[in-house]
Amino acid sequence: RIASHRIESHRIASHRIESHRIESNQSTEQFSTDRAVLPFENSLGGSIHRNYDLVLTHRLHIVGEVYFKVRHCLLALPGQEKSALTRALSHPQALSQCDGYLTRLGVVKEEFDDTAGAAAHIQREGLFGHAAIASRRAAELYGMHVYDEDIQDDESNVTRFLALAREPLPPREG
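Model, not experiment: these values are computed from the prediction.

Parameters and conventions
Residues numbered from 1 in each chain as written. Predicted model: local features only at pLDDT ≥ 70, side-chain atom pairs only at ≥ 80, totals over all residues. Heavy atoms only, no water. Salt bridge = Lys/Arg side-chain N within 4 Å of Asp/Glu carboxyl O. Helix = DSSP H or I, 4+ residues; strand = E, 2+ residues; numbered from the N terminus. Buried < 20%, exposed > 50% of the residue type's maximum accessible area, 1.4 Å probe, protein only. Core = buried A, V, L, I, M, F, W, Y, C linked by side-chain atoms within 4.5 Å. Contact = heavy atoms within 4.5 Å. Pairing = 2+ DSSP bridges. Axes fitted to C-alpha atoms, helices over the stretch in contact; angles between N-to-C directions. Polar contact = N/O pair within 3.5 Å; in protein donor to acceptor, adjacent residues only side chain to side chain. Arc of directions from axis to C-beta. pLDDT = per-residue confidence, 0-100.

Caption draft 1: Region of interest: the pattern of salt bridges. If you walk through the whole model with that rule in mind, you get 8 salt bridges. The partner of aspartate 150 in a salt bridge is arginine 71, and the shortest N-O contact between them spans 2.8 Å. In this pair, aspartate 150 is assigned in the loop between strand S9 (145–149) and strand S10 (158–165) and arginine 71 in the loop between strand S4 (61–69) and strand S5 (73–76), connecting sequence segments 79 residues apart. Exposure remark for aspartate 150: the relative accessible area of 35% places this residue in the partly exposed category. Accessibility expressed as a relative area gives 41% for arginine 71, which makes it partly exposed. Among the salt bridges present, the one from aspartate 99 reaches lysine 109, with a minimum N-O distance of 3.2 Å. Separated by 10 residues along the polypeptide, aspartate 99 in helix H4 (residues 99–105) and lysine 109 in strand S7 (residues 108–111) bring together distant segments of the chain. The exposure class of aspartate 99 is partly exposed, given its relative accessible area of 34%. Three or more residues joined by partner-sharing salt bridges are found here, namely Glu41, Glu65 and Arg160.

Here is the structure:
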């Protein structure tokens, strides 16, 4: 059992991001999950101090890490022209990472709790004219059309995720 923050196609839990960070740590600490995977650093945005603070306030150990290349897509409901899009919803970090693209597109940027959640919201509410900045996997999950891929302003953008567990891993032999 794993509590996870969204990592492209590895979405495992479904919570709003603020409560999710705390619940991931608490559920791991309270034995309802074995691991939590959360973002800790981004090559453009720097350290995610809130998550470092959560590790310090919960009895968890860092047991792994993964570096994940950021690949944002412009998603919207199918059947509309890209030129008809007037708003882009996403996590503030994703909006910032795609600011140049979104400015050229001429859309209003609107903050949302998380990237995939923005796609789900647009789909659930049937919001034509609204786009989400999220992953290709979010498009597949929520029946969204991918209008553009790799829209982030910096191709070298990487996020470091850490795996957290209740118990430390024993040292490897040899």
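Caption draft 2: Spatial organisation of the nonpolar core. With 15 residues, the main nonpolar core has Leu75, Ala119, Ile122, Ala132, Ala138 and Met144 as its most contacted residues. Breaking this core down by element, the ones donating at least two residues are S5, helix H5 (115–125), strand S8 (130–134) and helix H6 (136–142). Ranked by residues supplied to this core, first place goes to H5 with 4 residues. Excluding residues that lie within four positions of it along the chain, alanine 138 makes contacts with Leu75, Ala116 and Ala119. Counting residues in hydrophobic clusters, the runner-up holds 14 residues, among them Leu74, Cys98, Val107 and Ala131.

Caption draft 3: Seen up close, the sheet that holds S8. Spatially, the 5 strands line up as an open sheet ordered S7-S6-S8-S5-S9, and their pairing is mixed. Both outer strands of the open sheet, S7 and S9, are each paired with one neighbouring strand and no more. With strand direction ignored, the average angle separating the axes of adjacent strands in the sheet is 30°.

Caption draft 4: Broad picture of H5. Buried residues of H5: Thr115, Ala116, Gly117, Ala118, Ala119, Ala120 and Ile122, and no others. Check the buried side of H5 and you find it contacts S5, strand S6 (87–90), helix H3 (92–97), S8 and H6. At the N-terminal end of H5, a side-chain oxygen is found 2.5 Å from the backbone nitrogen of glycine 117, two or three residues along, and the residue is aspartate 114. Just downstream of H5 lies glycine 126, where phi reads positive at about 65°.

Caption draft 5: Region of interest: helix H2 (residues 49–57). Residues of H2 that are buried include every one of Asn51, Leu54 and Val55, and no others. Projected down its long axis, H2 carries its buried residues within an arc of 100°, all on one side. In H2, the exposed positions that point more than 90 degrees away from the buried face belong to His49, Leu56 and Thr57.

Caption draft 6: Local environment of the confidence of the model for the protein chain. Per-residue confidence for the protein chain averages 82 on the pLDDT scale, and 80% of its residues sit at or above 70. Overall, residues 1–31 carries pLDDT values under 50, and its contacts beyond four positions in sequence, including any with other chains, amount to 87 contacts.

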